Amino acid sequence: MNERDSEDVAYKLKEKGYEIVSDEKIADVVLLNTCSVREQAELKAIGKAGHLLRSQNKNTRPIVGVMGCMAQNRGADLFDHLPDLDLVVGTQKFHRVPQYVDSLIDRVGDIPKRIVAIEDEEGSESEIKDHLDTEIDNPTAFVSIMQGCNMNCSFCIVPKTRGKERYRTIESIVEECRELADRGIREVTLLGQIVNAYGRGSLRKINNKTPFVQLLESIDKIDGLERIRFTSPHPISFGEDLINCYKTIPSLCEYVHLPMQSGSDRILKLMNRPYSRQRYLEIAMKLREVNPKMRLSTDIIVGFPDETENDFELTKSAFEEVNFEMAFIFKYSERKGTPAVSFNNHVPREVKEQRNQVLLSLLEKQSLKSNNLSIGKRFQILVESKAKRGVGKLMGRTRCNRKVIYDGENCEIGQMFNVQISSATPTTLFGEKI
Ligand code: SAH
């Protein structure tokens, strides 16, 4: 989501005559888009901004701004850590960045000027811009379909930094996807904090299908768009209609990233995640049933307050039972202003670290096993870019979101091929074009 927001701000700046440069050392303005989900992300951003502000003398240093969730979360308090910071732009004000930068550039002489813009924007649609003019150098694109989150997970800062749920219309999203397809995009990833709850309480169900399913069906009809993905869904809105889409919607990729957070009902309850372990396992089983090629990944938090060894064992066994092939495993991070901060029995750092390691090694084992099963098989890939390593190597992804490295020509980026897999690591498949 941050990548998508950054893309949008970059485009708006270019439209105003600014140029995006590849090296921060020659930039006149450096904007950091930030995340507040864990403390570590905030510390990193503050460190980076501090470094930029100190790196040169006051008159020649770039204008430095902090945007996004940390800006929204901390506002003017950021000046306590970064007294020379020039610009603080919250999540509802991205579209005004060029205006703020203009006015900072026009500052007269040495008069210091700071801009802090974090209040909510009137007119909820204002920041949900479509993508029609952004430059495209990649065959896959992110499409934001909603903003904000109305859930109240007790650990999570996102509802505070991103505000209430606001939805774009189906028509405007489909129009954007159609335009992207006309410009050569083959794959879209629909984005939202609770993406499958898109339109709830605002758009109607039709033939018992949720607005999200209606949206998927409409996007599927677009010529040239071969693949649809979405992230992140929530178990509470993963009904039969959505599960069935994996049978009926050809462009919907057989890969689901479904955050589980914990395998213990007691912890799920403390987290205010309104589903049970049983319900989660049932969704996972049904997804594998509708399409045996389905791959599943998840988010897990270890060391949530009061998580006992027994709770952790339940998470571990659910992790094995679902057989996740990819996962983001997080150590619980205290976020000021969230309910979990005041819960009892916070888990010591070493225990979090140890639980983290246990799940990481389980993940490595499970993903290697499932990748090894792919050896000798054929997959369709969409070629995305040059591989990070290796001359003449390209990287594409299978429908189930596995990276495949193969020998190819740069002009193949954006095309789709079948490859045969010859070897595998836990994270990557290697193959040959056939
Ligand atoms: N809205 C999305 C996730 C947003 S944040 C959803 O509910 O799925 C991405 C992930 O960060 C979450 O799924 C969670 O696993 C993790 N996360 C959020 N808050 C956290 C915290 N305080 N400590 C550790 N991990 C956290």
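Residues numbered from 1 in each chain as written. Predicted model: local features only at pLDDT ≥ 70, side-chain atom pairs only at ≥ 80, totals over all residues. Heavy atoms only, no water.

What surrounds the ligand is a group of 15 residues, the closest being Phe155, Gln193, Gln261, Asp299 and Ser333. Arg38 is positioned such that a nitrogen or oxygen atom in its side chain is 3.3 Å from an oxygen atom of the ligand. Between the ligand and the protein, one listed contact pairs a nitrogen atom with a backbone N or O atom of Phe155 at 3.0 Å. When isolated, the ligand has an accessible area of 540 Å², and the protein chains bury 91% of it. (Near = heavy atom within 4 Å. Polar contact = N/O pair within 3.5 Å; in protein donor to acceptor, adjacent residues only side chain to side chain. Areas by Shrake-Rupley, 256 points an atom, 1.4 Å probe, with all protein chains shown as cover.)

This part covers the pattern of salt bridges. Per the counting criterion, the structure on display carries 30 salt bridges. Where Lys286 meets Glu240, a salt bridge forms, and the shortest distance between an N and an O atom there is 2.5 Å. Of the two residues, Lys286 sits in helix α11 (residues 277–290) while Glu240 sits in helix α9 (residues 240–248), which places them 46 residues apart along the sequence. A salt bridge links Lys316 to Glu313; its shortest N-O distance comes to 3.9 Å. With Lys316 and Glu313 both in helix α12 (residues 309–322), this residue pair falls 3 residues apart, about one helical turn. According to the relative accessible area criterion, Lys316 is partly exposed, its value standing at 22%. Judged by its relative accessible area of 37%, Glu313 is partly exposed. Linked through salt bridges whose partners overlap, the residues forming this network are Arg4, Glu7, Asp8 and Lys12. (Salt bridge = Lys/Arg side-chain N within 4 Å of Asp/Glu carboxyl O. Helix = DSSP H or I, 4+ residues; strand = E, 2+ residues; numbered from the N terminus. Buried < 20%, exposed > 50% of the residue type's maximum accessible area, 1.4 Å probe, protein only.)

Take the sheet that holds strand β16 (residues 416–424) next. If you trace the 5 strands once around the closed barrel, you get β13-β14-β15-β17-β16, paired in mixed fashion. Strand-to-strand twist in this sheet, taken as the mean axis angle between neighbours without regard to direction, amounts to 55 degrees. Sheet topology places strand β14 (residues 393–398) next to strand β15 (residues 403–407); 5 bridges connect them, and they run antiparallel. Note that in β15 the partner of Lys393 across the bridge is Asp407. (Pairing = 2+ DSSP bridges. Axes fitted to C-alpha atoms, helices over the stretch in contact; angles between N-to-C directions.)

For any pair of aromatic rings, the description rests on two quantities: the centre-to-centre distance and the angle between the ring planes. Evaluation of the coordinates by the stated rule reveals 10 aromatic pairs. Arranged with centres 6.4 Å apart and planes meeting at 40 degrees, the rings of Tyr275 and Tyr280 form a pair that is tilted. The two residues Tyr275 and Tyr280 agree in class, both being buried. Lying over the aromatic face of Phe79, Arg114 brings its terminal NZ or CZ to 3.7 Å of the ring centre. Between the NZ or CZ atom of Lys433 and the centre of the ring of Phe417, over which it lies, the distance is 4.3 Å. (Phe/Tyr/Trp six-rings, centres within 6.5 Å; stacked < 30°, edge-to-face > 60°. Lys NZ or Arg CZ within 6 Å of the ring centre and 35° of its normal.)

Time to look at the domain arrangement of the protein chain. If you check the domain split of the protein chain, you get domain 1 (2–117), domain 2 (124–372) and domain 3 (378–433). The C-alpha centroid of domain 2 is placed 29 Å from the C-alpha centroid of domain 1. Between domain 1 and domain 2, the residue contacts involve 21 residues of the former and 23 residues of the latter. Summed over both sides, the interface of domain 1 with domain 2 buries roughly 1900 Å², with 49% coming from carbon and sulfur. The largest per-residue losses of area from domain 1 upon contact with domain 2 belong to Arg4, Tyr11 and Arg38, which jointly make up 30% of the total buried on that side. Our count for the contact surface shared by domain 1 and domain 2 stands at 2 salt bridges. Linking Glu42 and Arg335 is a salt bridge whose minimum nitrogen-to-oxygen distance equals 3.6 Å. For the pair domain 1 and domain 2, the interface holds 6 residue pairs in polar contact (both at pLDDT 80 or more). When contributions to the side of domain 1 that touches domain 2 are tallied by element, the ones reaching two or more residues are α1 (2–15), α2 (39–54) and α3 (69–74). Looking at the side of domain 1 that touches domain 2 element by element, the count peaks at 9 residues for α1. Split by residue class, the side of domain 1 that touches domain 2 holds 4 nonpolar, 7 polar and 10 charged. (Domains from an automatic or database assignment. Contact = heavy atoms within 4.5 Å. Buried area = accessible area lost by both parts, 1.4 Å probe. Nonpolar A, V, L, I, M, F, W, Y, C, P; charged D, E, K, R; others polar.)

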